[in-house]
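# Descriptive analysis of the structure
The primary structure of each chain is shown beneath.
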Amino acid sequence: MTNIINGRQIAKQLNQETKTRVDKLKEEGIIPGIAVILVGDNPASVIYTRNKQKTAEKLGMKSILRKFPKDVSQAEVLQAIHHYNDDPTIHAILIQLPLPKHLNQTELIEAISPEKDVDGFDSKNVGKLYNNEDGHYPVSCTARGIMTLLHSYLDKIEGKNVTIIGRSILVSRPLQSLLINENATVTMVSLHTDDIDYYTKHADILVVAAGTPNLIKKDQVKPGATVIDVGINRMANHHLVGDVDFNSVKEVAENITPVPGGVGPMTIATLMQQTVDLAEWNK
Ligand code: GUN
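Residues numbered from 1 in each chain as written. Predicted model: local features only at pLDDT ≥ 70, side-chain atom pairs only at ≥ 80, totals over all residues. Heavy atoms only, no water.

### Brief notes about the UniProt feature "domain: Tetrahydrofolate dehydrogenase/cyclohydrolase NAD(P)-binding" (unreviewed entry) in the chain
With numbering matched to this structure, UniProt assigns "domain: Tetrahydrofolate dehydrogenase/cyclohydrolase NAD(P)-binding" (unreviewed entry) to residues 140-281. With 37% helix and 17% strand, residues 140-281 has end C-alpha atoms that lie 17 Å from one another. (UniProt positions renumbered as here; feature names shortened; annotations may be inferred. Helix = DSSP H or I, 4+ residues; strand = E, 2+ residues; numbered from the N terminus.)

Structure, rendered in structure tokens:
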């Protein structure tokens, strides 16, 4: 029997736990606060940031959405980041990506105080994850959300063969580190890899973050595998589909995420979780 991994349900449970933690912090006089910076009017980014703000408010957190026109200067965005770095009511800062090409994304991310870097994209936090350091630090919300899904459906990750298709800095690389830190054997492949099927067929856990609709078919997947689809592709008919051909792959997988309703809801729930983490760690 195939389990359809219910990201919406797990995100809801996580949000309930986060709400309990917010209420507890409030008793201590602390309201966790997140500032989201949005540049321009990319339709997907507008929807994501609105959902982030709505969820934060629903959980009783302070939420600021700072919008800039798409021709804003680097200096103006930097000034906003410095402002929130200095604001003690803000515990988490997120710059919605992608940014317009004229902005220097690296400089902006590095300007966020590492203690408020809720995406975990700052090189100091990336380095701590890479080195598997003890202690508290934020990591990519999508990658951490995927780990939460895996822990909900699998007894253990140690010793599993994991193949990740994609090498992104936002998801695949931090996920690779999180999995290695839990003693998985991780292979990173891309569309440049010769014989991708060799790697997908040996995977106990297959993570697909390639950005290609319906790329992975049933005959490329090991029977009994857990398949995590990070893709969100909007088709000409406006339907959302993942990078995995869900209908065929669900015949062989033991656990599989749907699109929508799999990884997507976990990113925002993990963002909320991590905002509260930052408020607790830095109080
Ligand atoms: N755009 C798409 N996903 C993300 C994310 O996880 N963080 C940020 N900052 N921007 C994104």
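### Overview of the pattern of salt bridges
Applying the stated criterion to the full structure yields 7 salt bridges. Shared partners join several salt bridges into a network, and the residues in it are Arg 21, Arg 144, Asp 277 and Glu 280. (Salt bridge = Lys/Arg side-chain N within 4 Å of Asp/Glu carboxyl O.)

### A short note on the sheet that holds strand S8 (residues 226-229)
Read from one edge of the open sheet, 6 strands run S1-S11-S8-S7-S5-S6, paired in parallel fashion. The open sheet has two free edges, formed respectively by strand S1 (3-4) and strand S6 (185-189), since each of these has just one partner strand. As judged from the 2 bridges shared by S1 and strand S11 (residues 255-256), these two strands associate in the parallel manner. Note on S11: the bridge partner recorded for Asn 3 is Asn 255. (Pairing = 2+ DSSP bridges.)

### So, the site of the ligand
Around the ligand lies a shell formed by Leu 94, Ile 95, Gln 96, Leu 97, Asp 119 and Phe 121. At 2.9 Å, a backbone N or O of Leu 97 approaches a nitrogen atom of the ligand. With respect to the ligand, the side chain of Asp 119 contributes an N or O atom lying 2.6 Å from a nitrogen atom. In isolation the ligand exposes 280 Å². Once the protein is present, 82% of that is buried. In terms of residue class, the shell around the ligand is built from 4 nonpolar, 1 polar and 1 charged. (Near = heavy atom within 4 Å. Polar contact = N/O pair within 3.5 Å; in protein donor to acceptor, adjacent residues only side chain to side chain. Areas by Shrake-Rupley, 256 points an atom, 1.4 Å probe, with all protein chains shown as cover. Nonpolar A, V, L, I, M, F, W, Y, C, P; charged D, E, K, R; others polar.)

### Topic: the packing of aromatic side chains
What the rule picks out here adds up to 1 aromatic pair. Geometrically, the ring pair formed by Tyr 198 and Tyr 199 is edge-to-face, given 5.1 Å between the ring centres and 90 degrees between the ring planes. Given the relative accessible area of 45%, Tyr 198 is considered partly exposed. The partly exposed category is assigned to Tyr 199, whose relative accessible area is 28%. (Phe/Tyr/Trp six-rings, centres within 6.5 Å; stacked < 30°, edge-to-face > 60°. Buried < 20%, exposed > 50% of the residue type's maximum accessible area, 1.4 Å probe, protein only.)

### Details of the nonpolar core
Ile 146, Leu 150, Val 162, Leu 175, Leu 179, Val 207 and Ile 228 are the most contacted members of the largest nonpolar core, which has 29 residues in total. Among the secondary structure elements, those contributing two or more residues to this core are helix H1 (7-27), helix H6 (141-153), strand S5 (161-165), helix H7 (172-181), strand S7 (205-208) and helix H10 (263-281). No other element matches H6, which puts 5 residues into this core. For Leu 150, the residues in contact, after removing those within four places along its chain, are Ile 157, Leu 179, Ile 205, Thr 226 and Ile 228. In this structure, Ala 35, Val 72, Leu 108 and Ile 109 belong to the second largest nonpolar core, which totals 21 residues. (Core = buried A, V, L, I, M, F, W, Y, C linked by side-chain atoms within 4.5 Å. Contact = heavy atoms within 4.5 Å.)

### Comments concerning H10
One full turn of an α-helix is made of 3.6 residues, so residues set three or four places apart face in the same direction. For H10, which comprises 19 residues, the first-to-last C-alpha distance of 26 Å matches the rise-based estimate of 27 Å (1.5 Å per residue) to within 8%. Most of H10 sits out of view: 14 of its 19 residues are buried. (Expected span 1.5 Å × (residues − 1).)

### Some words on the environment of His 102
Looking at where His 102 falls in the secondary structure, it is placed in the loop between strand S4 (92-95) and helix H4 (105-111). Of the residues examined, His 102 reaches a relative accessible area of 48% and is grouped as partly exposed. In this structure the side chain of His 102 is engaged in a polar contact, spanning 2.7 Å, whose partner is the backbone oxygen of Val 72.

### Observations concerning the pairing of S5
When you tally the buried positions in S5, you get 4 out of 5 residues, the bulk of the element. In this sheet, S6 lies alongside S5 in parallel orientation, the contact comprising 5 bridges. By the bridge assignment, Thr 163 is partnered in S6 with Thr 187. The parallel pair S5 and S6, bridged by H7, forms a crossover whose chirality is right-handed. Strand direction decides the pairing type here: S5 and S7, joined by 4 bridges, are parallel. Opposite Ile 164, over in S7, you have Val 207 as the bridge partner. (Right-handed = clockwise from strand over helix to strand, strands pointing away.)

### As for the packing of H6 against H10
One can describe the packing of H6 onto H10 by two numbers: an axis separation of 8 Å at closest approach and a directional angle of 105 degrees. By the angle between their axes, H6 is roughly perpendicular relative to H10. Residue-level inspection shows Cys 141, Thr 142, Arg 144, Gly 145, Ile 146, Thr 148 and Leu 149 of H6 in contact with H10, the latter providing Val 263, Met 266, Thr 267, Thr 270, Leu 271, Gln 273, Gln 274 and Asp 277. (Axes fitted to C-alpha atoms, helices over the stretch in contact; angles between N-to-C directions. Parallel < 35°, antiparallel > 145°, perpendicular 65-115°, else oblique.)

### Some details on the UniProt feature "domain: Tetrahydrofolate dehydrogenase/cyclohydrolase catalytic" (unreviewed entry) in the chain
Those places that UniProt annotates as "domain: Tetrahydrofolate dehydrogenase/cyclohydrolase catalytic" (unreviewed entry) correspond, in this numbering, to residues 5-119. Secondary structure across residues 5-119 comprises 49% helix and 16% strand; the distance between its end C-alpha atoms is 24 Å.

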